[in-house]
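The residues making up each chain are set out below.
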Amino acid sequence: GRHLDSGQIYGNQAAIGQGIRWAMQLGVPRTEIFLTTKIHGGLFGSHATTQWVTDMIDEFGLDYVDLVLLHGAGPERHPGPQPYSDVTCRSPLQCRSE
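Residues numbered from 1 in each chain as written. Predicted model: local features only at pLDDT ≥ 70, side-chain atom pairs only at ≥ 80, totals over all residues. Heavy atoms only, no water.

**Notes on the sheet that holds strand S3 (residues 67-71)**
Alright, step 1. Strand order in the open sheet made by the 3 strands is S1-S2-S3, with parallel pairing throughout. Where the open sheet ends on each side, the last strands, each with one partner, are strand S1 (2-5) and S3. Ignoring strand direction, the axes of neighbouring strands in this sheet form an average angle of 25°.
Alright, step 2. Where strand S2 (residues 33-40) and S3 come together, 5 bridges link them in parallel fashion. Residue Thr36 lies in a different strand from S3, and its bridge partner there is Leu67. (Pairing = 2+ DSSP bridges. Helix = DSSP H or I, 4+ residues; strand = E, 2+ residues; numbered from the N terminus. Axes fitted to C-alpha atoms, helices over the stretch in contact; angles between N-to-C directions.)

**Re the pattern of salt bridges**
Opposite charge on two side chains permits them to pair, given that their charged atoms come into close proximity.
Alright, step 1. Evaluated as defined, the whole model comprises 3 salt bridges.
Alright, step 2. The closest approach of N and O atoms between Arg2 and Glu32, which form a salt bridge, is 3.0 Å. Taken together, the residues Arg2 in strand S1 and Glu32 in the loop between helix H1 (13-25) and S2 connect sequence positions 30 residues apart.
Alright, step 3. The partly exposed category is assigned to Arg2, whose relative accessible area is 42%.
Alright, step 4. Across the pair Lys38 and Asp5 runs a salt bridge, and its minimum N-O distance is 2.6 Å. On the criterion of sequence distance, the pair formed by Lys38 in strand S2 and Asp5 in strand S1 is long-range, its members being 33 residues apart.
Alright, step 5. By relative accessible area, Lys38 is classed as buried at 9%. (Salt bridge = Lys/Arg side-chain N within 4 Å of Asp/Glu carboxyl O. Buried < 20%, exposed > 50% of the residue type's maximum accessible area, 1.4 Å probe, protein only.)

**A short note on a nonpolar patch on the surface**
Alright, step 1. Together, Phe34, Leu67 and Leu69 give the surface a local cluster of nonpolar side chains, amounting to about 230 Å² of exposed area.
Alright, step 2. With respect to the helices and strands, Phe34 occurs in strand S2.
Alright, step 3. Residue Phe34 is classed as partly exposed on the basis of its relative accessible area, which comes to 37%. (Patch = residues over 30% accessible without salt bridge, like charges linked within 9 Å, V, L, I, M, F, W, Y side chains within 5 Å. Areas by Shrake-Rupley, 256 points an atom, 1.4 Å probe, with all protein chains shown as cover.)

**Here's the deal with the packing of aromatic side chains**
Aromatic ring pairs are described here by two measures, namely the spacing of the ring centres and the angle between the planes.
Alright, step 1. This model, assessed by the stated rule, comprises 0 aromatic pairs.
Alright, step 2. Above the ring of Tyr64, the side-chain terminus of Arg30 is found at 4.1 Å from the ring centroid. (Phe/Tyr/Trp six-rings, centres within 6.5 Å; stacked < 30°, edge-to-face > 60°. Lys NZ or Arg CZ within 6 Å of the ring centre and 35° of its normal.)

**Looking at the nonpolar core**
Soluble globular proteins: nonpolar side chains tend toward being buried together.
Alright, step 1. Core analysis: the biggest nonpolar cluster contains 15 residues, and Ile20, Leu35 and Phe60 have the highest contact counts within it.
Alright, step 2. Elements with a contribution of two residues or more to this core: H1, S2 and helix H2 (46-60).
Alright, step 3. A total of 4 residues in this core trace back to one element, the largest contributor, which is H2.
Alright, step 4. If sequence neighbours within four positions are ignored, Leu35 has contacts with Leu4, Ile16, Ile20, Arg30, Phe60, Leu62, Val65, Asp66 and Leu67. (Core = buried A, V, L, I, M, F, W, Y, C linked by side-chain atoms within 4.5 Å. Contact = heavy atoms within 4.5 Å.)

Nothing here speaks to function; it is all geometry.
What follows is the structure, encoded as structure tokens:
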């Protein structure tokens, strides 16, 4: 299988999406490509995460991603603007409960 790793803080969504589309044009089935991406801690929460995933899929130019991981344990590890944030999560458990 083929596994590709991305994350919001890497900024490589367009290039990875282009590579996947190119591979598919060469005959690699999308089902044989496993794409993981990561959302940073400031965006944990159901509304923020849902909006972020939708935007990431658009940035990849794909129909779906296979796995979304939490990139860090909380927003304090990733200071800065949090454009989708509708909740302040102090822990992954709190965000999961939301």
